[in-house]
Amino acid sequence: MSGVRVYDLAKELRISSNEVLERLKELGRPAKVASSAIPDADADAVRRQFASPAPVAAPSSPGNGAAPARNGSATAPTAPAPTAPAPSAPAPRAPISPAPAAPKAPAPTAPAAGAPAKEPPRTVDIPSVVTLKDFADKIGVPAPTIQKKLMGLGVLASLNQKLHPDVVTRLAKSYNVIANIVAPAAPAAPTGGPAMPAAPAAPRVAVVAPKPRQKAAGPVVRPPVVTIMGHVDHGKTSLLDAIRHARVADGEFGGITQHIGAYQVEVDDPDGKGKKRAITFLDTPGHEAFTAMRARGAQVTDIAVLVVAADDGVMPQTQEAIQHAKAAGVPMIVAVNKIDKEDANPTRVLTQLTEYDVMPEAYGGDVQTVEVSAKENLGLDDLLEKILLVTDAEIEPKADPTVAATGTIIEARLDKGTGPVATVLVEQGTLKMGDSVVAGATFGRIKAMMDDRGQRIKSAGPAFPAVLLGLNAVPNAGDRLEVVKDEKTARQMAEERTSEERSERLAARRPVTLEDLQRQIKQGEVKELNLIIKGDVQGSLEAIRQSLEKIDHPEVRVHFIASGVGPVGKADVDLAAASEALIVAFNVRPDTEAARLAEAEHIEIREYRVIYDLIDDVKKAMAGLLDPIFEEAALGKAEVRAIFKLPRAGGIIAGCYVTDGRLQRGASVRVRRGRALAFEGKIDTLRREKDDVREVAQGYECGVLVPDYDPAEGDILECYEMRKIERTL
Ligand code: GDP
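Residues numbered from 1 in each chain as written. Predicted model: local features only at pLDDT ≥ 70, side-chain atom pairs only at ≥ 80, totals over all residues. Heavy atoms only, no water.

Undergrad: Describe the overall build of the protein, listing the residues and the values that go with them.
TA: Helix and strand content of the protein: 18 helices and 35 strands. Taken over 729 residues, the protein has a buried fraction of 47%. Contacts spanning at least 24 positions in sequence make up 70% of the contacts within the protein whose residues lie at least 6 apart. When the accessible surface of the protein is split by element, carbon and sulfur atoms take 51% of a total near 35,700 Å². (Helix = DSSP H or I, 4+ residues; strand = E, 2+ residues; numbered from the N terminus. Buried < 20%, exposed > 50% of the residue type's maximum accessible area, 1.4 Å probe, protein only. Contact = heavy atoms within 4.5 Å. Areas by Shrake-Rupley, 256 points an atom, 1.4 Å probe, with all protein chains shown as cover.)

Undergrad: Run through unusual backbone geometry, naming residues and quoting values.
TA: One non-glycine residue with positive phi stands out, namely A463, at about 65°. With respect to the helices, strands and loops of the structure, A463 is situated in the loop between β20 (459–460) and β21 (465–471). Judged by relative accessible area, A463 falls into the buried class, the value being 1%.

Undergrad: I'd love a proper account of helix α17 (residues 592–601), names of residues and values included.
TA: For α17, every residue scored as buried is listed here: A594, L597 and A598. In a view along the axis of α17, the buried residues occupy a sector of 105°, so they form one face of it. Exposed side of α17, more than 90 degrees from the buried face: T592, R596, E599 and A600 are the residues found there. A positive phi of about 55° marks H602, the residue just after α17. (Arc of directions from axis to C-beta.)

Undergrad: Explain the nonpolar core residue by residue, including any values.
TA: Membership of the largest hydrophobic core comes to 25 residues, with the highest contact counts inside it found for L239, I243, I279, F281, V305, L383 and I387. Only β8 (225–230), α8 (236–248), β9 (262–268), β10 (276–282), β11 (303–309), β12 (332–337) and α12 (380–395) provide two or more residues apiece to this core. The element best represented in this core is α12, accounting for 6 residues. Sequence-distant contacts of I279, that is, excluding residues within four places in its chain, are made with P223, P224, V226, Y263, Q264, V265, V267, L384, I387 and L388. Grouped together as the second largest cluster of nonpolar side chains are 21 residues, L541, I544, V556 and L614 included. (Core = buried A, V, L, I, M, F, W, Y, C linked by side-chain atoms within 4.5 Å.)

Undergrad: So, the site of the ligand: which residues are in play, and what are the values?
TA: Taken together, 15 residues lie around the ligand, and D233, K236, T237, S238 and D340 are the ones closest in. A distance of 3.2 Å separates an oxygen atom of the ligand from a polar side-chain atom of S373. A374 places a polar main-chain atom, nitrogen or oxygen, 2.9 Å from an oxygen atom of the ligand. For the shell around the ligand, the leading source of residues is α8, giving 3 residues. Looking at the shell around the ligand residue by residue, the classes come out as 2 nonpolar, 7 polar and 6 charged. (Near = heavy atom within 4 Å. Polar contact = N/O pair within 3.5 Å; in protein donor to acceptor, adjacent residues only side chain to side chain. Nonpolar A, V, L, I, M, F, W, Y, C, P; charged D, E, K, R; others polar.)

Undergrad: So what's going on with the environment of V467? Which residues, and what values?
TA: Residue placement: V467 occurs in strand β21. C-alpha of V467 to C-alpha of L425: the two residues are 42 residues apart in sequence and 8.9 Å apart in space. Excluding anything up to four places from it in sequence, V467 contacts I260, V421, A422, T423, A448, M449 and M450.

Undergrad: Describe in detail the confidence of the model for the protein, supporting the description with residues and values.
TA: Per-residue pLDDT for the protein averages 77, and the proportion of residues at 70 or more is 76%. Low pLDDT, under 50, characterises residues 505–514; the predicted model gives this stretch 5 contacts beyond four residues in sequence or across chains. (pLDDT = per-residue confidence, 0-100.)

Undergrad: Lay out the pairing of strand β30 (residues 676–682) with the relevant residues and their values.
TA: Direction of pairing for strand β29 (residues 668–673) relative to β30: antiparallel, over a ladder of 6 bridges. Paired with R670 across the bridge in β30 is E680. If you look at the hairpin formed by β29 and β30, you'll find 2 residues sitting between the two strands, and G674 has a positive phi there, around 60°. (Pairing = 2+ DSSP bridges.)

Undergrad: Tell me about the packing of helix α1 (residues 6–13) against helix α3 (residues 40–49), and name the residues and values.
TA: When two helices pack together, their arrangement is given by the angle between their axes and by how far apart the axes lie. Remark: α1 packs on α3, axes separated minimally by 11 Å, with the N-to-C direction vectors making an angle of 25°. Taken as axis vectors, α1 and α3 run roughly parallel relative to one another. Considering the relative orientation of α1 and α3, their crossing is right-handed. Seen from α1, the contacting residues are L9, E12 and L13; seen from α3, they are A43, V46 and R47. Grouping the constituent residues of the contact of α1 with α3 by class yields 4 nonpolar, no polar and 2 charged. (Axes fitted to C-alpha atoms, helices over the stretch in contact; angles between N-to-C directions. Parallel < 35°, antiparallel > 145°, perpendicular 65-115°, else oblique. Left-handed = near helix turned anticlockwise from the far one by under 90°.)

Undergrad: Could you give an account of the packing of aromatic side chains, with specific residues and numbers?
TA: Under the definition given, this model contains 2 aromatic pairs. With centroids separated by 5.6 Å and ring planes inclined at 25°, the aromatic side chains of F679 and Y709 adopt a geometry described as stacked. A residue pair is termed long-range when its members are at least 10 positions apart, and F679 in strand β30 and Y709 in the loop between β34 (701–705) and β35 (716–725) qualify at 30 residues. (Phe/Tyr/Trp six-rings, centres within 6.5 Å; stacked < 30°, edge-to-face > 60°.)

Undergrad: Can you tell me about the sheet that holds β8, naming the residues and giving the values?
TA: If you trace the 6 strands from one edge of the open sheet to the other, you get β9-β10-β8-β11-β12-β13, paired in mixed fashion. The open sheet has two edge strands with one neighbour each: β9 and β13 (368–371). Taken over all neighbouring pairs, the strand axes of this sheet differ in orientation by 30° on average, direction set aside. Across 3 bridges, the pairing between β8 and β10 is parallel. Residue T227 lies in a different strand from β10, and its bridge partner there is L282. Those strands touched by helix α10 (residues 316–328) are β8, β11 and β12, and its axis lies near 165° from that of β11. Contacting β8, β9, β10, β11, β12 and β13, α12 crosses the sheet at an angle of about 95° to β10.

Undergrad: So what about the sheet that holds strand β23 (residues 527–535)? Which residues, and what values?
TA: Within the open sheet, the 4 strands sit side by side as β24-β23-β25-β26. Their pairing is parallel. Each having just a single partner strand, β24 (556–565) and β26 (605–608) make up the two edges of the open sheet. Along the sheet, successive strands turn relative to each other by an average axial angle of 25°, direction set aside. The pairing of β23 with strand β25 (residues 582–586) spans 5 bridges and is parallel. Bridging from a neighbouring strand, G535 pairs with F586 of β25.

In structure tokens:
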């Protein structure tokens, strides 16, 4: 296949690679990345969508057409635009309609001059490709004022910088203007139209600014699911709390919130009309939980918000989060947090991100960024709006609320009073009270359902996080939940899965490939630290397991004997005793019986509140299993100057003079005769005069007995000991 690379095509059409990818997706011929090669036919199909001399086309996110959506018209046909690539001159508007695919032209609007904020907004037509200067002219605001405003948003824009339609819409809104984004003009129509330089056989164009929404056939749009990731202390938890409180406090329930692993907020639709839209946040921040879920085949996240503290910049876990989001193919939005701080430097953050291939829009890339302060509640609306924009532009999540419900377990725990409590994020269908469900190897009938405010609910639709009561046991985070016909079926399925899981686990223990086999043979004896982990929620258990499994060492590894949610019980201690395992408890305690038994059996139960401490300690325990390494440490040297045969003393005594350091009883000696190594052994007896001594220092004479050593005058004894080196992981 000859083919064209996406980025080459993008260059040719003077649009972004993302735009090309979008178009390909719309055409039903998706390509993966900018470097993907696509067939010529596909490239032609994209070319046909663009005027060949078209200036830089703005990404056609559906969110960019706030005004057209309102007007019910997608395209505003304009007179043929100048073909020059620089779109500095706005397309002259003419009331003709040359584009065949264009719907009817919107009614020309009458811009009201200098409308103060209180007046109804005026509508202004803005070309979808517009420079900052032209935009300023169009809405009648001095260009420097706009530049300043953008700077406030962390965007340094020159007068000739082209503005993204989203930015245009938002900027316009802040000046009480509704931006009616109009598409780039079609090239010269064969007939009519003002005279213009003949377009070089341009392909036919059917460009519309806003992307036509895919028809909702069956599935309907569902809320996006967002995970917040980033380095520790950069404010993930604070941001989640801030968003939640900002949105919940004005809700009906007085802001009573519960941690269930996810929550939903309502946001004004950026498309206007006072509509509300929901966004679901997973509130176990960090990529560990995200990855753990993915490892179980559950990808519930649609968008990753990467939090980077403006005073700290990109840190190791930021990089990891970027890798994870990329690996999962999840679009990212960067939230530069802590902008309230004096030493905040958001620009530096954006620059740093480019080093990790995260290209902020302000730098010509396609990653949305937003400045926030979780502490001062700044920028939250902006962030939510961007989430919706990215949702519409890149994901368009859909689900059918009418099919049999399926979902993913986000978190689960055992409640003393109510039994297993699980949070499920509904994927498809609608979960209802009384439904029979299987979740991983657990099953049950839904006895009760709650939302994240603890309010009873009767049903839960797509992307809704609901707390379920009624399962027979605590499922794992990442387990799939399915509604089945009846409870009997549910039980059967769960049992089948349990035995499947067991055999999978057994299979996993056997070497499956030759390579594995060889490796294990080579490793000889791989030592294992047996662990039983107990924790308060599945999410943290998974995170701990993942982190510990990551420890890759040729001589030692962890072996999870068991892990589970709930306090450490007698059964855990019994198991630990049987398998010589260490019990680590995260945010849970042993019950009285377990504590007593553990003490009697000398089983150690270690309690932690911080995951890192736990991991650190387990690492130390693993290091303790490693075979010790010894290092030779020289102690001293002595010269043999006389020989005394004393059969009664058990051998021949070497009369020595210590020339260096010291000789020590019990230490090793290496005997050199000339250059040769004559003997090696251990000092059995050291004598000064008639006395046995432990050591003799430099400058003294002494008698040395090394069993089986036949000394000769002139031998040099090198005395040394082996010191144990602490090993770490
Ligand atoms: P996480 O580890 O990423 O979840 O970070 P946290 O949310 O626990 O925040 C870490 C620290 O940063 C806490 O002391 C927060 O109070 C503080 N913090 C979070 N967001 C902001 C912010 O916007 N401004 C300031 N000044 N401090 C913040």
